[in-house]
Amino acid sequence: MTKSELIDAIAGRGELTKARAELVVNCIFDAMTEALQRGEGIEIRGFGSFTVRPYKPYSGRNPRTGQPVPVPAKRLPFFKVGKELKELVNQSRAFAITGGKDDEDDDDDDDIDEDE
């Protein structure tokens, strides 16, 4: 779902104009961004939580040249899925998982334990 699709969904469900729905979406994203910039966490019950994780500086490598490159310390947002959302997504396993080869037989997987 893109931001414009989210705006359309909110406008349709809330009987709002698209302009008003866009204002609502932008206000929510702005408030969340500002909270994370201040280092605060965001917890949305049933959905998940956003936190800011600090990372120490380290020495990386340029993949083209192999030369060491210093990577400075940074803080990055981290999302942890809530229990209810995790269960809802997991229940949707009845839908096909894309990206794999669905038309092949799985007879070659005899060595996999089905209890896992």
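The structure displayed is predicted, hence computed values, not measured ones.

Q: Mind showing me how you'd approach the overall build of the protein chain here?
A: For the protein chain, the helix and strand inventory stands at three helices and five strands. Secondary structure elements in the protein chain, listed N-terminal to C-terminal, are α-α-β-β-β-β-β-α. Residue burial in the protein chain is summarised as follows: out of 116 residues, 10% are buried. Residue pairs in contact within the protein chain that sit at least 24 positions apart in sequence constitute 31% of those at least 6 positions apart. Carbon and sulfur atoms provide 52% of the accessible area of the protein chain, an area that totals close to 10,500 Å².

Q: So what exactly am I meant to see when it comes to unusual backbone geometry here?
A: Among all residues save glycine, negative phi is the norm, and among peptide bonds the norm is trans. Of note, E15 is a non-glycine position whose phi angle comes to about 50°, a positive value. Counting through the fold element by element, E15 comes out in the loop between α1 (3-13) and α2 (18-37).

Q: Got a minute to help me understand the sheet that holds strand β5 (residues 74-81) in this structure?
A: Within a sheet, neighbouring strands are paired by backbone hydrogen bonds and run either parallel or antiparallel to one another. Spatially, three strands are ordered β1-β2-β5 in an open sheet, and the strand pairing comes out antiparallel. Each of the sheet's edge strands pairs with one partner strand only, and the pair in question is β1 (42-44) and β5. Here the strands of the sheet are splayed against their neighbours by 25° on average, with no regard to which way each runs.

Q: Looking at this model, I keep getting lost on the pattern of salt bridges. Mind explaining?
A: Pairing between side chains of opposite charge can happen when their charged atoms approach one another. This structure, assessed with the given rule, holds three salt bridges. Residue D8 is joined to K18 by a salt bridge in which the shortest nitrogen-to-oxygen separation is 3.3 Å. Pair noted here: D8 is in helix α1 and K18 is in helix α2, with a separation of ten residues, a long-range link. Here D8 falls in the partly exposed class, since its relative accessible area comes to 37%.

Q: I'm lost on the packing of α1 against α2 in this one. Help?
A: Helix packing geometry: the angle between the two helix axes and the distance between the axes. Here α1 crosses α2 at 120°, and the two axes come no closer than 8 Å. Judged by the angle between their axes, α1 and α2 are oblique. Along this stretch, α1 crosses α2, giving a crossing that reads as right-handed. Residues K3, L6, I7, D8, I10 and A11 of α1 lie in contact with α2, whose contacting residues are K18, A21, E22, V25, N26 and F29. Of the residues contributing to the contact of α1 with α2, the split by class is seven nonpolar, one polar and four charged.

Q: Whenever I open this one, the pairing of strand β3 (residues 58-61) confuses me. Can you help?
A: Working note: regular strand, side chains alternate between the two faces of the sheet. Alignment of β3 against strand β4 (residues 68-71), held across four bridges, turns out to be antiparallel. Bridge pairing in β4 places Y58 opposite V71. Where β3 hands over to β4, the hairpin turn is made up of six residues, of which G66 adopts a positive phi near 80°.

Q: Sorry if this is basic, but what is going on with α2 here?
A: Two residues of an α-helix separated by three or four positions point the same way, owing to the 3.6 residues in each turn. Between its terminal C-alpha atoms α2 stretches 28 Å, which fits the 28 Å expected from 20 residues at 1.5 Å a residue. All buried positions along α2 are accounted for by A21, V25, M32, A35 and L36. Down the axis, α2 shows its buried residues gathered within 105° of arc, on one side only. Exposed residues lying more than 90 degrees from the buried face of α2 are A19, R20 and Q37. Those residues of α2 that are buried lie in contact with α1, β1, β2 (48-55) and β5. Just beyond α2, the residue with positive phi is G39, at close to 85°.

Cut-off values and rules
Residues numbered from 1 in each chain as written. Predicted model: local features only at pLDDT ≥ 70, side-chain atom pairs only at ≥ 80, totals over all residues. Heavy atoms only, no water. Helix = DSSP H or I, 4+ residues; strand = E, 2+ residues; numbered from the N terminus. Buried < 20%, exposed > 50% of the residue type's maximum accessible area, 1.4 Å probe, protein only. Contact = heavy atoms within 4.5 Å. Areas by Shrake-Rupley, 256 points an atom, 1.4 Å probe, with all protein chains shown as cover. Pairing = 2+ DSSP bridges. Axes fitted to C-alpha atoms, helices over the stretch in contact; angles between N-to-C directions. Salt bridge = Lys/Arg side-chain N within 4 Å of Asp/Glu carboxyl O. Parallel < 35°, antiparallel > 145°, perpendicular 65-115°, else oblique. Left-handed = near helix turned anticlockwise from the far one by under 90°. Nonpolar A, V, L, I, M, F, W, Y, C, P; charged D, E, K, R; others polar. Expected span 1.5 Å × (residues − 1). Arc of directions from axis to C-beta.

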